[in-house]
Amino acid sequence: MPGFSQANELKSWTELATHHKTLSKDIVLKEYFAKDPQRFEKFSRVFKNEADGGEILFDFSKNFLTEETLDLLVKLAEESGLEKLRNDMFAGEKINFTEGRAVYHVALRNTSNTKMEVDGKSVVDDVNAVLEHMKEFSEQVRSGEWKGYTGKKINTIVNIGIGGSDLGPVMVSEALKPYGDRNLKLHFVSNIDGTHIAEALKDSDPETTLFLVASKTFTTAETVTNANTAKTWFLKTAKDDSAIAKHFVALSTNESEVTKFGIDKKNMFPFSDWVGGRYSVWSAIGLSVCLYIGYENFYQFLAGAHAMDQHFLKTPLKENIPVIGGLLSVWYSDFFGAQTHLVAPFDQYMHRFPAYLQQLSMESNGKAITRDGKYVNYTTGPILFGEPATNAQHSFFQLLHQGTKLIPTDFILAAKSHNPVEGNKHQRMLASNFFAQSEALMLGKPDSEVKAEGAPEELIPHKTFLGNRPTTSILVDKMTPAALGALIAYYEHLTFTEGCVWNINSFDQWGVELGKKLAVKILGELDDGKAGEHDGSTSSLIEAFLARGKL
Ligand SMILES: O=P(O)(O)OC[C@H]1O[C@@H](O)[C@@H](O)[C@@H](O)[C@@H]1O
């Protein structure tokens, strides 16, 4: 435990509160840029990705910060024990103390094969053995050497998993679609809603479909139910249980449940309990990605994340990119009263990125109890949301520009498009929006300008934009596997930094357990056709469902 309980007991927190009083009255971003021609240089950082030589430019200069702010925020990180907690994570210490586990997803992408241990035992060989298995298997499937039970090549992959066993694989395979094998059809089935599995099966042929049952625990009701439905569907045609080995593999930590399900141990890709669900795309859970983009690209994805890990581990806090991102988030949440964090990728392939980040951020830092068991005296994890731009501009950006809420926003763009159609015209239009939005959010539009445009007097207030909305712009060279890996690792370490300052355990998820237990009880009542003891609303709703939903 760190030497404090509540973050607002720290000296730097009090100093930040005093600093906030003056800064919040004074800061007008456009004036700060006019006053300081070096502002961009001071508050932007370039990440050099050793994995593929690419760069990512993080421009923090359009945020509410001065050199004094940054110094105080860095002091806050130091006082909160960020360096120790970070080093403990990289040393395999059990920093997820409520579950007695190490937090070691960084060991899954240890492409430099650095010594990494848990309980004094190296994990490097085990991690590499699973990667080797993934390589061999993905090459066999992609080449057609791996055959279905009737001797045909696999052309459809159905990943069955939910939460961390779904969001990472689906997001990454969409984001890296340009690297995908288009002869492989991918389906991701997560929802218990029968529609999800039914639609995937309608589109599949049992002779050529491979099911990946992805579940860390292998006890998640949705996944086990969907996997059993898939097995029944498969056996209806295949008839023989021995055919399962060619069509079902498991990605899991739970060997006994996997074998009980009927999947052979040799078709199981294991990982360890020190991999949290929301950090598991780097593990065997990423097999769908590996199959789709090929092992070399998957390895580059890991290497890019590893490069960001090394940056996070070794760079002084003031230059440390994810640390700055995390501290800014604390700054907005706890001193400016921001409730949200918007992430808008200017990249259609990244359309599931905000959904992925929702789990990463909100499952990690949606907590209110400090590491020593007290209720926090301040606000913690923001509500993260987002949609790809430019689509988002044509819907909810209205609230960003003219609403009453402060919404710290990240914009992400890759300079080089994978599809430079029409002589790159689309890309230039996309990029022009990326620049225009952050500029407009900062500059606003004063009433004098609206007036000069000839707007009638009564419309002037409606057409005026106050501006001074903070944004972080993230410019990637090209969205390669290594760039995406680094970008995800950036958000992971940003989330880590926030959780450390707030002194909460970012690595458990007890909050999702309650709903699961209650649902099991009510399922029994639905099976019996009668509502049990509930409040008036719940019983009436159950009765109404039973009356209307009869098959
Ligand atoms: O991978 P399994 O064990 O099926 O869990 C899937 C998801 O379940 C949820 O309840 C949470 O625990 C998530 O963190 C997890 O990613």
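Thresholds applied
Residues numbered from 1 in each chain as written. Predicted model: local features only at pLDDT ≥ 70, side-chain atom pairs only at ≥ 80, totals over all residues. Heavy atoms only, no water. UniProt positions renumbered as here; feature names shortened; annotations may be inferred. 1 Å grid on protein atoms, 1.4 Å probe; cavity = no way out; pocket = protein on both sides within 12 Å on 5 of 7 lines; lining within 4 Å. Points joined across faces, edges and corners; volume = space filled by probe spheres on them. Helix = DSSP H or I, 4+ residues; strand = E, 2+ residues; numbered from the N terminus. Expected span 1.5 Å × (residues − 1). Buried < 20%, exposed > 50% of the residue type's maximum accessible area, 1.4 Å probe, protein only. Arc of directions from axis to C-beta. Polar contact = N/O pair within 3.5 Å; in protein donor to acceptor, adjacent residues only side chain to side chain. Pairing = 2+ DSSP bridges. Axes fitted to C-alpha atoms, helices over the stretch in contact; angles between N-to-C directions. Contact = heavy atoms within 4.5 Å.

The name that an unreviewed UniProt entry assigns to the chain is Glucose-6-phosphate isomerase, with the source organism given as Tothia fuscella. Entered under Sequence similarities (unreviewed entry) in the UniProt record, the comment concerning the chain runs "Belongs to the GPI family." What UniProt records for the chain under Pathway (unreviewed entry) is the sentence "Carbohydrate degradation; glycolysis; D-glyceraldehyde 3-phosphate and glycerone phosphate from D-glucose: step 2/4."

Undergrad: How should empty space enclosed by the protein be read in this particular structure?
TA: Summary: where empty space remains is shown by rolling a probe the size of a single water molecule over the atoms. With the rule as written, the count across this model stands at three cavities of 30 Å³ or more. Volume-wise, the largest cavity comes out at about 160 Å³. Around the largest cavity, the lining is made up of 18 residues, and of these S329, Y332, H341, P408 and D410 lie nearest the centre. Looking at the lining of the largest cavity, the elements with two or more residues in it are α14 (321–335), β10 (340–346), β12 (409–416), β13 (471–478) and α20 (481–502). Broken down by element, the residue count for the lining of the largest cavity peaks at five residues, all from α14. Quantified by volume, the second largest cavity comes out at close to 70 Å³. Contributing to the lining of the second largest cavity are L85, I95, F97, R371, F496, G499, C500, I504, N505, S506 and F507. By residue number, the principal contributor to the lining of the second largest cavity is α20, which donates three residues.

Undergrad: Would you mind going over helix α22 (residues 536–548) with me for this structure?
TA: Think of an α-helix as turning once every 3.6 residues; residues three or four places apart then point the same way. Helix length check: α22 (13 residues) gives 18 Å between terminal C-alpha atoms against 18 Å at 1.5 Å per residue, within 8%. Among the residues of α22, S539, I542 and L546 are the ones counted as buried. Projected down its long axis, α22 shows its buried positions confined to an angular sector of 65°, all on one face. Exposed and facing more than 90 degrees away from the buried side of α22 are G536, L541, A547 and R548. Sitting at the head of α22, D535 places a side-chain oxygen 3.1 Å from the backbone nitrogen of S537.

Undergrad: What's the story with the sheet that holds strand β8 (residues 248–252) in this structure? I'm lost.
TA: Hydrogen bonds between backbone atoms are what pair the strands of a sheet, whose relative direction is either parallel or antiparallel. One open sheet holds the five strands; their spatial order is β6-β5-β7-β8-β9, and the pairing between them is parallel. Either end of the sheet is taken by a strand with one partner, and the two such strands are β6 (185–189) and β9 (268–270). Ignoring strand direction, the axes of neighbouring strands in this sheet form an average angle of 15°. Pairing of strand β5 (residues 156–160) with β6 involves five bridges; the strand directions are parallel. Each bridged residue has a counterpart across the sheet, and for V158 the counterpart in β6 is H187. Most of the contacts of helix α8 (residues 194–202) go to β6, to which it runs at about 165°, and overall it touches β5, β6 and β7 (209–214).

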